[in-house]
Amino acid sequence: MPFNQAASGFALYFTETEGLKVPYVVFVPKKYQSSKPVKVIFFLHGGVNSVNEFYYQNPDVKKEPIFSVGDHFNAIVVYPFAKKDFGWMNQQKAFENIFTILNDVEKKYNVDKNKIYLGGMSNGGTATFWFASQKETPFKAFYAFAPNPVLNIGAIPFENITKDHPLYTINAKDDYVFGYNDVLKIYNDNKSKAKGWKFQTIETGSHEFIYKPEISKELLTSFFSEVLR
């Protein structure tokens, strides 16, 4: 079935679950052609614990570094919104809604179903561990920036993080939100089971290192060159 050619830039959509309208943004790269299947990158944002409403009307969302990755690698970027009571902390429905969003995106855009990736930042990076540890997944690989590998909705079955669908993580040694030594201990305790977990470290940059221009551009390019292989 042919797809309509989509304009480059941002498009806003909503899903509905249990009477709640949940927004998500799709970023279409400049080189997207509807006749050619394209890779897709999901990004789960951080700061969920302090957000009472979906902030999709905030114009600063367009400045998120992840969108530069979309243009650089000719990938559609999907940015679901979360909030305190429907987010990446305790709400199973929010996790499951990601699959609804994926289904919607596949209907609207020519998606290469063998090249769909998911990851996130902080709380969104923590949520990525839930997706990466599911036995069945539509995602080729996973990534997380400054995550804390502890889920509030249950223990992580680390043995399900395999080389077939690897998980790439980066933590800074000077992270003030999720202590580096605590995260490193969890990795060391579970790396023999989580054979697909590729743990990376940067010396400085604190918790929000992907938002620092002097770090972000080069780091994201080299990092996603590995993740998107």
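Residues numbered from 1 in each chain as written. Predicted model: local features only at pLDDT ≥ 70, side-chain atom pairs only at ≥ 80, totals over all residues. Heavy atoms only, no water.

Here we look at helix H4 (residues 180–190)
Line of reasoning, step 1. Restricting attention to buried positions, one finds in H4 the residues Tyr180, Val183, Ile186, Tyr187 and Asn190. Looking straight down H4, one finds that the buried residues subtend no more than 130° of arc, so they occupy a single side. Away from the buried face of H4 by more than 90 degrees, exposed residues Asn181, Asp182 and Lys185 are located.
Line of reasoning, step 2. Taken together, the buried residues of H4 touch strand S7 (167–172) and strand S8 (197–202). (Buried < 20%, exposed > 50% of the residue type's maximum accessible area, 1.4 Å probe, protein only. Helix = DSSP H or I, 4+ residues; strand = E, 2+ residues; numbered from the N terminus. Arc of directions from axis to C-beta. Contact = heavy atoms within 4.5 Å.)

Quick look at unusual backbone geometry
Line of reasoning, step 1. With phi around 60°, serine 122 is a residue other than glycine that occupies positive phi space.
Line of reasoning, step 2. Relative to the helices and strands, serine 122 is located in the loop between strand S5 (111–121) and helix H3 (123–132).
Line of reasoning, step 3. Classification of serine 122 by relative accessible area gives buried; the value is 7%.
Line of reasoning, step 4. Despite not being glycine, alanine 146 shows a phi value in the positive range, around 50°.

Considering the nonpolar core
Line of reasoning, step 1. Counting 80 residues, the largest nonpolar core has Phe42, Ile66, Phe145, Trp197, Phe209 and Phe224 as the members making the most contacts within it.
Line of reasoning, step 2. Contact partners of phenylalanine 145, with chain neighbours within four places excluded, come to Phe43, Gly120, Met121, Ser122, Ile170, Phe209, Ile210, Leu219, Leu220, Phe223 and Phe224. (Core = buried A, V, L, I, M, F, W, Y, C linked by side-chain atoms within 4.5 Å.)

Comments concerning the packing of aromatic side chains
Line of reasoning, step 1. With the rule as written, the count across this model stands at 35 aromatic pairs.
Line of reasoning, step 2. With centroids separated by 6.2 Å and ring planes inclined at 70°, the aromatic side chains of tyrosine 32 and tyrosine 109 adopt a geometry described as edge-to-face. Placement of tyrosine 32 in the loop between strand S2 (20–28) and strand S3 (38–44) and of tyrosine 109 in the loop between helix H2 (92–108) and S5 is noted, with a sequence separation of 77 residues between them.
Line of reasoning, step 3. Judged by relative accessible area, which is 2%, tyrosine 32 ranks as buried.
Line of reasoning, step 4. On the accessibility criterion, tyrosine 109 (3% relative accessible area) is buried.
Line of reasoning, step 5. Look at phenylalanine 42 and phenylalanine 139: their rings are 5.8 Å apart centre to centre, the planes differ by 75°, and that puts the pair in the edge-to-face class. (Phe/Tyr/Trp six-rings, centres within 6.5 Å; stacked < 30°, edge-to-face > 60°.)

A look at the pattern of salt bridges
Line of reasoning, step 1. Following the criterion strictly, the structure yields six salt bridges and no others.
Line of reasoning, step 2. Lysine 30 serves as the salt-bridge partner of aspartate 71, at 3.0 Å between the closest nitrogen and oxygen. Here aspartate 71 is found in helix H1 (residues 66–72), whereas its partner lysine 30 is found in the loop between S2 and S3, with 41 residues between them in sequence.
Line of reasoning, step 3. Judged by its relative accessible area of 64%, lysine 30 falls in the exposed class.
Line of reasoning, step 4. The partner of lysine 173 in a salt bridge is glutamate 203, with the nearest N and O atoms 3.1 Å apart. Remark: glutamate 203 occurs in the loop between S8 and helix H5 (213–227) and lysine 173 occurs in the loop between S7 and H4; sequence separation between them is 30 residues.
Line of reasoning, step 5. Accessibility expressed as a relative area gives 42% for lysine 173, which makes it partly exposed. (Salt bridge = Lys/Arg side-chain N within 4 Å of Asp/Glu carboxyl O.)

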